[in-house]
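One letter stands for each residue in the lines below.
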Amino acid sequence: AQSVTQLGSHVSVSEGALVLLRCNYSSSVPPYLFWYVQYPNQGLQLLLKYTTGATLVKGINGFEAEFKKSETSFHLTKPSAHMSDAAEYFCAVIGNNNDMRFGAGTRLTVKP
Amino acid sequence: DTAVSQTPKYLVTQMGNDKSIKCEQNLGHDTMYWYKQDSKKFLKIMFSYNNKELIINETVPNRFSPKSPDKAHLNLHINSLELGDSAVYFCASSQDRSRGGYGYTFGSGTRLTVV
């Protein structure tokens, strides 16, 4: 069954520093992978997705992720963190029943 | 225009009551979902409907019953509410069932508190 694992429930960076949020997947078929962001008391917003094609995917707000089959990873990065990036981030994969299955989430804190 | 709208946004109720959460999408999507987010932020799918047909029914107490009057609406009715039902419930929709390649669009959530 398809699943994702997010490494690190909490990541803290300084403003202007690199953001790296880790996600590894498990899938018996080529995976469809997603990153979502959740700001406090809000719903989930799609940051980016990988289905097929180019393995480096660019998303909104300056985020990008690279699909690495050899490492079964789909890590999310942003070159320079902004205070407004503080939120909960979720990695997700489409499961066998075409349902979206989420990782446990990573809370990003940005220090001034 | 809101793409996926849920009502109410907040719901506080006593144990044993019956309540409903409504969801509507104006995206023309064929598939709708209910997710539960617990206090640790973990998201778990509860139900999935495709064009009014139940597709996914995870291990959820039968006190929870989804109802889809048409493909733009998926409501969630909960009977005999328990303290453990307190959570944020999210409605979502997707364009089709072809492995969800377009991603899901989520509503803003309903925070249910059972006292």
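Thresholds applied
Residues numbered from 1 in each chain as written. Chains lettered and ligands numbered in written order. Predicted model: local features only at pLDDT ≥ 70, side-chain atom pairs only at ≥ 80, totals over all residues. Heavy atoms only, no water. Helix = DSSP H or I, 4+ residues; strand = E, 2+ residues; numbered from the N terminus. Contact = heavy atoms within 4.5 Å. Buried area = accessible area lost by both parts, 1.4 Å probe. Salt bridge = Lys/Arg side-chain N within 4 Å of Asp/Glu carboxyl O. Polar contact = N/O pair within 3.5 Å; in protein donor to acceptor, adjacent residues only side chain to side chain. Nonpolar A, V, L, I, M, F, W, Y, C, P; charged D, E, K, R; others polar. Core = buried A, V, L, I, M, F, W, Y, C linked by side-chain atoms within 4.5 Å. Buried < 20%, exposed > 50% of the residue type's maximum accessible area, 1.4 Å probe, protein only. Pairing = 2+ DSSP bridges. Axes fitted to C-alpha atoms, helices over the stretch in contact; angles between N-to-C directions. Disulfide = S-S within 2.5 Å.

Participant: Could you clarify how one ought to interpret the side chain of Gln2 of chain A in this entry?
Facilitator: Along the polypeptide, Gln2 of chain A turns up in the segment before strand S1 (3–7). Beyond its immediate stretch of four places on either side in the chain, Gln2 of chain A contacts Ser26, Ser27, Ser28, Val29, Val93, Ile94, Gly95, Asn96 and Arg101 of chain A.

Participant: What should I look at first to understand the interface of chain A and chain B in this one?
Facilitator: How large an interface is tends to be reported as the accessible area lost when its parts come together. Listed per partner, the contact involves 26 residues of chain A and 24 residues of chain B. By the criterion of area lost to chain B, the three top residues of chain A are Leu44, Asn98 and Phe102 of chain A, representing 26% of everything that side buries. Applying the counting rule to chain A against chain B returns zero salt bridges. For the pair chain A and chain B, the interface holds five residue pairs in polar contact (both at pLDDT 80 or more). Split into classes, the residues belonging to the side of chain A that touches chain B amount to 13 nonpolar, eight polar and five charged.

Participant: Would you mind going over the nonpolar core with me for this structure?
Facilitator: Soluble globular proteins tend to bury their nonpolar side chains together. Of all hydrophobic cores here, the largest spans 27 residues; its most connected members are Trp35, Leu48, Leu76 and Tyr89 of chain A. Those elements that place two or more of their residues in this core are strand S2 (10–14), strand S3 (19–26), strand S4 (33–38), strand S5 (44–50), strand S7 (64–68), strand S8 (73–78), strand S9 (87–94) and strand S11 (106–111) of chain A.

Participant: What is the right way to look at the side chain of Gln38 of chain A in this model?
Facilitator: Locating Gln38 of chain A in the fold gives a position in strand S4. Take Gln38 of chain A: its relative accessible area is 5%, and that puts it in the buried class. Of note is the side chain of Gln38 of chain A, whose polar atom sits 3.0 Å from the backbone oxygen of Gln42 of chain A. Discounting chain neighbours no more than four positions away, the residues touching Gln38 of chain A are Gly43, Leu44, Ala87, Glu88 and Phe90 of chain A together with Gln37, Lys41 and Phe90 of chain B.

Participant: Help me out: how do you make sense of the sheet that holds strand S6 (residues 56–58) of chain A in this one?
Facilitator: Think of a sheet as strands paired side by side through backbone hydrogen bonds, with each pair either parallel or antiparallel. Residue and element names in this part refer to chain A. In spatial order, the strands read S1-S3-S8-S7-S6; together these five strands make up an open sheet with antiparallel pairing. At either margin of the open sheet sits one strand with a lone partner, and together these are S1 and S6. Strand-to-strand twist across the sheet, computed as the mean angle between neighbouring axes with direction ignored, equals 20°. Of the strand pairs in this sheet, S1 and S3 are connected by five bridges, and their pairing is antiparallel. By the bridge assignment, Ser3 is partnered in S3 with Ser26.

Participant: Just checking my understanding: could you explain unusual backbone geometry for this structure?
Facilitator: Along the chain, Thr7 of chain B connects to Pro8 of chain B via a cis peptide bond; the corresponding omega equals -5°. On the secondary structure map, Pro8 of chain B appears in the loop between strand S1 (4–7) and strand S2 (10–13). The backbone of Asn61 of chain A sits at a positive phi, close to 60°, despite the residue not being glycine. With a relative accessible area of 39%, Asn61 of chain A lands in the partly exposed category. Not every positive phi belongs to a glycine, and Ser80 of chain B is a case in point at roughly 45°. Structurally, Ser80 of chain B is set in the loop between strand S8 (73–78) and strand S9 (87–94).

Participant: Even after reading the chapter, I still don't get the state of the cysteines, so can you show me in this structure?
Facilitator: Disulfide: a covalent bond formed between the sulfur atoms of two cysteine residues. Taken as a whole and assessed by the stated rule, the structure comprises two disulfides over all chains. Across a sulfur-sulfur distance of 1.9 Å, Cys23 of chain A and Cys91 of chain A are joined as a disulfide pair. One disulfide, between Cys23 of chain A and Cys91 of chain A, carries an S-S torsion of -65° and so falls in the left-handed class. Of this pair, Cys23 of chain A sits in strand S3 while Cys91 of chain A is found in strand S9, placing the two residues 68 residues apart along the sequence. Under the relative-accessibility criterion, Cys91 of chain A is labelled buried at 0%. One disulfide bridge connects Cys23 of chain B with Cys91 of chain B, the sulfur atoms lying 1.9 Å from each other. In this structure, the disulfide formed by Cys23 of chain B and Cys91 of chain B twists by about -80° around the S-S bond and is classed as left-handed. Taken together, the residues Cys23 of chain B in strand S3 (residues 19–25) and Cys91 of chain B in strand S9 connect sequence positions 68 residues apart.

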